[in-house]
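Listed here are the chains, written in short residue letters.
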Amino acid sequence: MEDDQPLFADRPEWADVVPLEQYEGATPIAPIFYTPEYKDATNYFRGIVKTGEKSPRVLDLTENIIRQNPAHYSAWQYRYKTLISLNAPLDTELRLMDELAVTYLKTYQVWHHRRLLVQQTNDPAPELAFITNALQIDTKNYHTWSYRQWILARFDNDALWRGELPFVEHMLDSDLRNNSAWHHRFFVVFQSGVRKGDEDRDIVLRRELTFVKTKIAIAPNNASAWNYLRGILEHSKVPYSILQSFVTPYSVPRSEQHEAPGDVVDLEDPLPSPGAQLPCVAAIEFMADIYEATGGDDIMKAIQLWKSLANEHDTMRKKYWEYRIKEALPNVR
């Protein structure tokens, strides 16, 4: 907002509107100290809401308020109603939103307003490119990712979905610890229907296991990748134990590793990258879960791993691991 703009109270074109002060009680305990500009604009906003006016100048007024306070839900709502009432060109409004969404990335209302506009235009085609650009500013912004998923699910056409897996792979190549990108990959592959070419879910599962194991090998202590691994196994109802041979090298110190010959690369079960900090907490927990699920004598193996987490490798969660031990002890034979 330009600083040299006159107050609405000083603009002749607003002389017919009766501004309404905000009622805060006779003696407010903790009055909010609004700026004169914000107080002026919102006083006139309450005035036009009272009369029900929907005109081009209302769009100017609501934009003024939004630029001062982008979380002003009532201003957004009344702006949308005014746009629809005037049959205003929504492509022009979307261009304004291109600016405001990037300026106020973490404000829910700006994204909600954009959803309403796209529902009216019924044209999602430009949206993915816009979102991709917005993610360059903040690669983990919840509202941006949420809006992308809404676009995909709401319009659900092949043209939108076609490039989504390469897109998320690019995001993970840029930052493999981006938990938002891992979550989006799970949404694309497992939570949004079956795309053409992905009908054989066993092949899809093998592809995803190969993908995530490769990423874990690069950065073994990346919690996001381990969570994804657990998620796809649980979603596919596959026991953790099928990955015991992969996980084991990550759960022990490097001194206990059985190194493969230098010219041998196991593509099925890639080993931790050189220099990786081992053992990996997530791998120890994974192995303990395998032993607990197996039951019998393996319960004691799980307890020993939880003790190592509580006392050495993950002392921050000591109480949690002690709780796991307490819960498991009655099952020891």
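Starting from 1, residues in each chain are numbered consecutively following that chain's sequence as written. A pLDDT threshold of at least 70 governs which residues receive local features in this predicted model, and a stricter bar of 80 or more applies before side-chain atom pairs are shown or counted, although totals over entire chains, interfaces and linings include all residues. Think of the side-chain values as coming from all heavy atoms in the structure, minus any hydrogens and water.

Caption draft 1: Broad picture of the overall build of the chain. In DSSP terms, a helix is any run of H or I states spanning at least four residues, a strand is any run of E spanning at least two, and both are numbered starting from the N terminus. Along the chain, the regular secondary structure elements total 16 helices and zero strands. What you see for the chain is a C-alpha radius of gyration of 28 Å, clearly larger than the 20 Å of a compact globule of 333 residues, by over 25%. Structurally, the chain occupies a C-alpha span of about 85 × 55 × 35 Å along its principal axes. Three labels apply to residues, based on accessible area from a 1.4 Å probe with only protein chains included: buried if under 20% of the type maximum, exposed if over 50%, partly exposed otherwise in between. Buried positions account for 47% of the 333 residues belonging to the chain. We call two residues in contact when some of their heavy atoms are within 4.5 Å. Counting contacts in the chain only where the partners sit at least 6 residues apart, residues at least 24 apart contribute 63% of the total. It is over C-alpha atoms that the radius of gyration is taken, and the globule rule equals 2.2 Å times the number of residues to the power 0.38.

Caption draft 2: Here's a closer look at the nonpolar core. The biggest cluster of nonpolar side chains holds 96 residues, and the ones touching the most others in it are L61, I151, W226, L229, F286 and W306. No other element matches the eight residues that helix α14 (residues 281-294) contributes to this core. Every residue in contact with I151, bar those within four places of it in the chain, is listed here: V118, P124, E127, L128, I131, D156 and L160. Nonpolar cores were defined as sets of buried Ala, Val, Leu, Ile, Met, Phe, Trp, Tyr and Cys residues, with membership established by side-chain atoms within 4.5 Å.

Caption draft 3: Spatial organisation of the side chain of H143. Within the secondary structure layout, H143 lies in helix α7 (residues 142-155). A polar atom in the side chain of H143 sits 3.4 Å from the backbone oxygen of K106. The residues touching H143, leaving out its near neighbours within four places in the chain, are L105, K106, T107, Y108 and W111. In the analysis that follows, any N or O atom pair within 3.5 Å is treated as a polar contact, provided that within protein one partner can donate a hydrogen and the other can accept it, and provided that, for residues neighboring in sequence, both atoms belong to side chains.

Caption draft 4: Summary view of the side chain of D269. Among the secondary structure elements, D269 is positioned in the loop between α13 (244-247) and α14. Using a relative accessible area of 17% as the deciding quantity, one classes D269 as buried. A distance of 3.3 Å separates a polar atom in the side chain of D269 from a polar atom in the side chain of K213. If near-sequence neighbours (up to four positions away) are discounted, D269 is found in contact with K213, S245 and F246.

Caption draft 5: Focus on unusual backbone geometry. That bond from L278 to P279 is cis: its omega, 0°, falls within 30 degrees of zero. Mapping P279 onto the fold places it in the loop between α13 and α14. For K237, which is not a glycine, the phi torsion comes out positive at approximately 55°. Structurally, K237 is set in the loop between α12 (223-235) and α13. Residue K237 is classed as exposed on the basis of its relative accessible area of 74%.

Caption draft 6: Region of the structure containing helix α11 (residues 201-218). Over its 18 residues, α11 runs 26 Å from end to end, which matches the ideal 26 Å to within 8%, given 1.5 Å per residue. In this structure, the buried residues of α11 make contact with α9 (164-174), α10 (179-190), α12 and α13. The residue sitting at the N-terminus of α11 and contributing the capping side-chain oxygen is D200; that oxygen lies 3.1 Å from the backbone nitrogen of D202. Helix span, expected: 1.5 Å multiplied by one less than the number of residues in the helix.

Caption draft 7: Geometry of the packing of α7 against α9. Between α7 and α9, the least distance of the axes is 13 Å, while the angle of their chain directions is 165°. Comparing their axes, α9 and α7 come out roughly antiparallel. Crossing handedness for the pair α7 and α9: left-handed. Side by side, α7 and α9 meet where W145, R148 and L152 of the first sit next to E164, F167 and M171 of the second. Helix axes use the C-alpha atoms of the stretch in contact, all axes being lines fitted to C-alpha atoms, and the angles between their N-to-C directions lie in the range 0 to 180 degrees. In what follows, roughly perpendicular refers to angles from 65 to 115 degrees, roughly parallel to angles under 35, roughly antiparallel to angles over 145, and oblique to any angle outside these ranges. By convention the crossing between two helices is left-handed if the near helix lies anticlockwise of the far one by an angle smaller than a right angle, and right-handed if it lies clockwise.

Caption draft 8: Structural context of α12. Helix length check: α12, at 13 residues, gives a terminal C-alpha distance of 18 Å against a target of 18 Å (1.5 Å per residue), a fit within 8%. S224, A225, W226, Y228, L229, R230, I232 and L233 are the residues of α12 that are buried. In this fold, the buried residues of α12 make contact with α10, α11, α13 and α14. Where α12 begins, the side chain of N222 points an oxygen toward the backbone nitrogen of S224, at a separation of 3.2 Å. K237 lies just past α12 and shows a positive phi near 55°.

Caption draft 9: Representation of the packing of aromatic side chains within the structure. Here a Phe, Tyr or Trp ring, Trp counted by its six-membered ring, pairs with any other such ring whose centre lies within 6.5 Å, and the pair is stacked when the planes are under 30 degrees apart, edge-to-face when over 60, and tilted otherwise. Evaluation of the coordinates by the stated rule reveals 21 aromatic pairs. Considering the side-chain rings of W150 and F155, the 6.0 Å spacing of their centres and the 85° angle between planes classify their relative orientation as edge-to-face. The burial state of W150 is the same as that of F155; both residues are buried. In textbook terms, an aromatic cluster arises when at least three aromatic residues are bridged by ring pairs, as seen for W111, F130, Y147, W150 and F155. Positioned above the aromatic ring of F246 is the side chain of K213, whose terminal nitrogen or guanidinium carbon lies 5.4 Å from the ring centre. Whether a charge lies above a ring is judged from NZ of Lys or CZ of Arg, which has to be within 6 Å of the ring centre and within 35 degrees of the ring normal.

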